[in-house]
Amino acid sequence: MEKSRIQYSDGELIVHLYGEIDHHSVCAIRNGIDAAMYEKRPKSLVFELSDVDFMDSSGLGLILGRYAKANEIGTGIIVRNPKLRQENMLKMAHIQKILTIQHTEASQNEKKAE
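Worth saying up front: this structure is predicted, and the values here are computed from it rather than measured. (Residues numbered from 1 in each chain as written. Predicted model: local features only at pLDDT ≥ 70, side-chain atom pairs only at ≥ 80, totals over all residues. Heavy atoms only, no water.)

1. Digging into the sheet that holds strand β1 (residues 4-9)
Across the sheet, which stays open at both edges, the five strands sit in the order β1-β2-β3-β4-β5 with mixed pairing between neighbours. Only two strands of the sheet have a single neighbouring strand rather than two, namely β1 and β5 (100-102). Strand-to-strand twist across the sheet, computed as the mean angle between neighbouring axes with direction ignored, equals 20 degrees. Bridging between strand β3 (residues 44-55) and strand β4 (residues 76-80) involves five bridges; their strand directions are parallel. Bridge pairing in β4 links E48 to R80. Packing of helix α1 (residues 26-40) onto the sheet brings it into contact with β1, β2 (12-21) and β3, and relative to β2 it is tilted by some 175 degrees. Packed on one face of the sheet, helix α3 (residues 84-92) meets β3, β4 and β5 and runs near 125 degrees to β3. (Pairing = 2+ DSSP bridges. Helix = DSSP H or I, 4+ residues; strand = E, 2+ residues; numbered from the N terminus. Axes fitted to C-alpha atoms, helices over the stretch in contact; angles between N-to-C directions. Contact = heavy atoms within 4.5 Å.)

2. Description of unusual backbone geometry
Leave glycine aside and you will find that most residues have negative phi; peptide bonds, for their part, are mostly trans. The backbone of D10 sits at a positive phi, close to 50 degrees, despite the residue not being glycine. Among the secondary structure elements, D10 is positioned in the loop between β1 and β2. With a phi angle near 60 degrees, H94 is a residue other than glycine that sits in the positive phi range. Note on placement: H94 falls in the loop between α3 and β5. The class of H94 is partly exposed, set by a relative accessible area of 46%. (Buried < 20%, exposed > 50% of the residue type's maximum accessible area, 1.4 Å probe, protein only.)

3. Focus: the side chain of S4
Considering the arrangement of structural elements, one finds S4 in strand β1. On the basis of relative accessibility, which here comes to 15%, the residue S4 falls in the buried class. For S4, the contacting residues outside a window of four places in its chain are V15, H16, L17, Y18 and I29.

4. Here's the deal with α3
Buried within α3 are the following residues: Q86, E87 and L90. Buried residues of α3, seen end-on, are gathered within an arc of 95 degrees and therefore sit on one face of the element. Facing away from the buried side of α3, by more than 90 degrees, are the exposed residues L84, R85 and M92. (Arc of directions from axis to C-beta.)

5. Re the environment of R5
Tracing the backbone through its elements, the reader meets R5 in strand β1. Those residues within four positions of R5 in sequence are excluded, and the remaining contacts are I14, V15, H16 and Y18. At 3.4 Å, the side chain of R5 and the side chain of Q7 are in polar contact. (Polar contact = N/O pair within 3.5 Å; in protein donor to acceptor, adjacent residues only side chain to side chain.)

This is the structure we're talking about:
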């Protein structure tokens, strides 16, 4: 099953992640992101996490590893719509100091319903 979809729109390279993001899935995802980043040279690299059911430290490594690559080409990183558990993991790693954590309005409404 596909774990990611990459699309480019208006200067954003959006990586929509799905399901379980663990050491079994990150290699292929990483290679796709890196190739697209160097080809498109986006202003922002967006990790859309709203459809991620589980993410371990490999997922955190995926995001942090792309930070170094993005920095080389002047691309900012946004982590969009992480679930509470994912956001807590990101904040424990102090990731919000080097990138943006963002919630869309739909994501905020889902959090309130939980």
